[in-house]
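Commentary on secondary and tertiary structure
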Amino acid sequence: MKKAFFLVFTLLLAVNAMGKAPLLPGGENEKWTTTWATAPEFTGKGDMPQTATLTGNALRQIIHVSFGGNQLRMQLSNEFSREPVEIKSIYIADLAADAQGRNDAPGTDYTAIVKKTVRYLTFNGKRSVTIEPGKAIFSDITKFNLRPLQRLSVTVNYGETPKNATSHRGSRTTSYIMSGEAKPGKKFETIEKLDHWYNIAAIDVLGTGNECIAAIGNSITDGRGTTTNLQNRWTDIASEQLQNIGVVNLGIGGNCVLAGGLSEPAVKRFDRDVLSQRGLTAVIVYEGINDIGGAAGRCEQVAKDMIEAYKTFAQKAHDRGLKIYMATILPFGKCFYDDGNLFKEAARQTINQWIRTSKDIDGVIDFDQLMRDPENPSQLREELQEDWLHPNAKGYKVMGDFAAKEIMRLKGE
């Protein structure tokens, strides 16, 4: 009997290590579904800590999940680093600011946690783990009362770290470095603040009835123009209304579809960042404005190549049995891309027309029609924009509300 139990237990650990949901007693229909994710990137010198270091210190980070659950795992990434990253321990906890309802008053201490909720993550049963360069790993299953839409504190105690970390630069959320090890019962003494995430890549929940929709995009998806620490990107707003459907944000500021821009272009990162998410049922592609803005004398060719890339994304999604929705590109009149080159606007119109009429995709989220100025359709509505390229917080709220309604419509609900 003991041998049989040991064999089953060993098989469960092996399946979990491969990133697949184990079959738990009475849970044959349970599966892993991503409730939060971000797109990993190479970290240049300017986005590394400037006055401190991660090596030998603690980092406290905050994330905003979609749906909740009682069993979770975390994905950590060292995919863009050239050296290993040594993690001595990592634990999650509720924010103290959320203990009696969400509190975002001026001066809110986002480093304070609720000690009784602390749970250490393990990796093959151990608290410490070393992630080799170019690799990503999952933690073991952790029991934790993760509430829908909650903000989760993640504290990483580092050993040795790479010169260039794997991070997400556009977190729109402050992270905090403390000297030495951060213990749950010890006050977190911040020595440096940064608006970046390091090494954390995703949170999965084990359960039934949850869905993941992955949104790939640039800074408008990443949240440029939102309010730091308030988690009010359009994807956050949409997730708040969709209950068991998580809209995970895989936007990268300055990103392009084809080439150039910041970080790997969408054609290169689509498989890893989008199709690898767990419990995935649909994809939203909302990217292209940076390709058009930098097209110079190649606007017609760039538009053609972007449409071909969209078709490839659609085919890949459909090959996986996924729905694919595309969002129209916002107007950029009066922003720095608006240099009088009318071919740029013609390219945007060509791409948006293809999106609205294409039989290759499963639905359209028409952000362009939603956000453009009726009197000046090549510009955003003034009250919804930050810099004539990015929406402001009010604009993101409008987009998120609209996206949630459109997702439900497209799902036939």
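Calculation notes
- Residues numbered from 1 in each chain as written.
- Predicted model: local features only at pLDDT ≥ 70, side-chain atom pairs only at ≥ 80, totals over all residues.
- Heavy atoms only, no water.
- Helix = DSSP H or I, 4+ residues; strand = E, 2+ residues; numbered from the N terminus.
- Rg over C-alpha atoms; globule rule 2.2 N^0.38 Å.
- Buried < 20%, exposed > 50% of the residue type's maximum accessible area, 1.4 Å probe, protein only.
- Contact = heavy atoms within 4.5 Å.
- Areas by Shrake-Rupley, 256 points an atom, 1.4 Å probe, with all protein chains shown as cover.
- Lys, Arg positive; Asp, Glu negative; His and termini not counted.
- Charge placed at Lys NZ, Arg CZ, Asp CG, Glu CD.
- Phe/Tyr/Trp six-rings, centres within 6.5 Å; stacked < 30°, edge-to-face > 60°.
- Lys NZ or Arg CZ within 6 Å of the ring centre and 35° of its normal.
- Pairing = 2+ DSSP bridges.
- 1 Å grid on protein atoms, 1.4 Å probe; cavity = no way out; pocket = protein on both sides within 12 Å on 5 of 7 lines; lining within 4 Å.
- Points joined across faces, edges and corners; volume = space filled by probe spheres on them.
- Nonpolar A, V, L, I, M, F, W, Y, C, P; charged D, E, K, R; others polar.
- Core = buried A, V, L, I, M, F, W, Y, C linked by side-chain atoms within 4.5 Å.
- Disulfide = S-S within 2.5 Å.
- Axes fitted to C-alpha atoms, helices over the stretch in contact; angles between N-to-C directions.

**Some thoughts on the overall build of the protein chain**
From N to C terminus, the protein chain includes nine helices and 20 strands. For 413 residues, the compact-globule formula gives about 22 Å, and the C-alpha radius of gyration of the protein chain, at 21 Å, lands near that figure. Overall, the protein chain is about 70 × 50 × 45 Å in size when its C-alpha atoms are taken along their principal axes. Sorting the 413 residues of the protein chain into buried and exposed places 57% on the buried side. Long-range pairs, those at least 24 residues apart, make up 79% of the contacts in the protein chain between residues at least 6 apart in sequence. For the protein chain, the accessible area works out to roughly 17,800 Å², and carbon and sulfur atoms hold 52% of it. A distance of 6 Å separates the average location of the 50 positive side-chain charges in the protein chain from that of its 48 negative side-chain charges.

**Comments concerning the packing of aromatic side chains**
Using the criterion set out here, one finds 10 aromatic pairs in the structure. Look at W36 and W197: their rings are 5.2 Å apart centre to centre, the planes differ by 90°, and that puts the pair in the edge-to-face class. Placement of the pair is W36 in strand β1 (residues 31-37) and W197 in strand β14 (residues 197-198), with a sequence separation of 161 residues. Ring plane angle 70° and centroid distance 6.3 Å describe the contact between W234 and Y286, whose orientation is recorded as edge-to-face. Residue W234 is found in helix α3 (residues 234-242), and its partner Y286 is found in strand β18 (residues 280-286); the two are separated by 52 residues along the sequence. Classification of Y286 by relative accessible area gives buried; the value is 4%. The ring of F138 has R73 sitting right over it, with the charged end atom 3.8 Å from the ring centre. The positively charged end of R127 is found above the aromatic ring belonging to Y120, 3.7 Å away from the centroid.

**Concerning the sheet that holds β14**
As summarised here, the arrangement of the three strands in space is β2-β11-β14, forming an open sheet in which the pairing is antiparallel. Because the sheet does not close on itself, it has two edges, and the strands there are β2 (41-42) and β14. Across two bridges, the pairing between β2 and strand β11 (residues 166-168) is antiparallel. By the bridge assignment, E41 is partnered in β11 with S167.

**Topic: the pairing of strand β19 (residues 323-327)**
With four of five residues buried, β19 lies mostly within the body of the structure. As defined by bridge partners, β18 adjoins β19 across four bridges and the pair is classed as parallel. When the bridges of β19 are listed, V283 appears paired with I324. The sheet contact formed by β19 and strand β20 (residues 363-365) spans three bridges and is parallel. Within the sheet, the bridge partner assigned to Y325 lies in β20 and is G363.

**Structural notes on empty space enclosed by the protein**
Scanning all chains against the criterion turns up three cavities of 30 Å³ or more. Lining the largest cavity are 20 residues; nearest its centre among them are W36, R233, T235, D236 and N249. Counting residues per element, the ones that place at least two in the lining of the largest cavity are β1, α3 and β17 (245-251). Within the lining of the largest cavity, the residues separate by chemical class into six nonpolar, 11 polar and three charged. What lines the second largest cavity is simply N218, I220, Y286, E287, G288, I289, I329 and L330. In the lining of the second largest cavity, the residues fall into five nonpolar, two polar and one charged.

**Here's the deal with the nonpolar core**
V285, Y310, I324 and I351 are the most contacted members of the largest nonpolar core, which has 43 residues in total. Discounting chain neighbours no more than four positions away, the residues touching V285 are I216, F270, Y310, F313, I324, Y325, M326 and A327. W36, L72, Y198 and I200 belong to the second largest nonpolar core, which has 32 residues in total.

**A word on the environment of I351**
For I351, the position within the fold is in helix α7 (residues 342-357). Residue I351 is classed as buried on the basis of its relative accessible area, which comes to 0%. As for I351 and G288, which are separated by 63 residues in sequence, their C-alpha atoms are 8.9 Å apart. Setting aside chain neighbours within four positions, we find I351 in contact with I292, A303, M306, I307, Y310 and I329.

**Observations concerning the state of the cysteines**
This model, assessed by the stated rule, comprises zero disulfides. Between C256, a cysteine without a disulfide, and C299, which holds the nearest cysteine sulfur, the sulfur-to-sulfur distance is 13 Å.

**Overview of the sheet that holds β20**
Spatial ordering of the open sheet is given by β17-β16-β18-β19-β20, a layout of five strands whose pairing is parallel. The sheet is open, and its two edges are formed by β17 and β20, each paired on a single side. Strand-to-strand twist of the sheet, defined as the mean angle between neighbouring strand axes without regard to direction, takes the value 25°. Bridge count between strand β16 (residues 211-217) and β18: six bridges; the pairing is parallel. Of the residues in β18, the one forming a bridge with A214 is V283. Running at roughly 165° to β20, helix α9 (residues 393-410) makes contact with β16, β17, β18, β19 and β20 of the sheet.

**Things to note about the environment of T208**
Within the secondary structure, T208 is located in the loop between β15 (200-207) and β16. For the pair formed by T208 and Q61, sequence separation is 147 residues and the distance between their alpha carbons is 28 Å. With sequence-adjacent residues up to four places away left out, T208 is seen in contact with N29 and E30.

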